[in-house]
Amino acid sequence: QVQLVESGGGLVQAGGSLRLSCAASGRTFSDYGMGWFRQAPGKEREFVAAIMRSEAFTTYADSVKGRFTISRDNAKNTVYLQMNSLKPEDRAVYHCAATERGTLRTLPYDYNYWGQGTQVTVSS
């Protein structure tokens, strides 16, 4: 089992920045690929970004490419999502997730463990 706890959400003005963190515990963090997803009210959960076990490779949704950066610190068992140039449409609950699969994954069903989420609100 892997436990994931997100933090860093909040209210920010459009154009601002936030840094989300996701702390993992329970098993060897570097054995898992990590991803960030988000879910806005009335919408399905959507992929945001993913990073492989060794942080060598990352991938992003087109809607956040160039604005968001995913990273991880395996020594701290933590994955981050740096969000810059935030837009009102970025408003959602952001969840981190862990996958046992070795390659970059963008679909929710490929992930084995999920955090409870942290709310991000962007005012216009």
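Residues numbered from 1 in each chain as written. Predicted model: local features only at pLDDT ≥ 70, side-chain atom pairs only at ≥ 80, totals over all residues. Heavy atoms only, no water.

1. Describing empty space enclosed by the protein
Thinking step 1. Scanning all chains against the criterion turns up one cavity of 30 Å³ or more.
Thinking step 2. Taken as a whole, the largest cavity spans an internal volume of roughly 50 Å³.
Thinking step 3. Residue lining of the largest cavity: 13 residues in total, with Gly33, Ile51, Thr99, Thr103 and Leu104 positioned closest to the centre.
Thinking step 4. Elements that contribute at least two residues to the lining of the largest cavity include exactly strand E4 (33-39) and strand E5 (46-51).
Thinking step 5. Split by residue class, the lining of the largest cavity holds six nonpolar, four polar and three charged. (1 Å grid on protein atoms, 1.4 Å probe; cavity = no way out; pocket = protein on both sides within 12 Å on 5 of 7 lines; lining within 4 Å. Points joined across faces, edges and corners; volume = space filled by probe spheres on them. Helix = DSSP H or I, 4+ residues; strand = E, 2+ residues; numbered from the N terminus. Nonpolar A, V, L, I, M, F, W, Y, C, P; charged D, E, K, R; others polar.)

2. Notes on the state of the cysteines
Thinking step 1. Overall, the coordinates contain one disulfide when judged by the stated rule.
Thinking step 2. Across the disulfide from Cys22 sits Cys96; the S-S distance is 1.9 Å. The S-S bond linking Cys22 to Cys96 shows a torsion near 45°; that makes this disulfide right-handed. Of this pair, Cys22 sits in strand E3 (residues 18-25) while Cys96 sits in strand E9 (residues 92-99), placing them 74 residues apart in sequence. Per residue, the accessibility class of Cys22 equals that of Cys96, and both read buried. (Disulfide = S-S within 2.5 Å. Buried < 20%, exposed > 50% of the residue type's maximum accessible area, 1.4 Å probe, protein only.)

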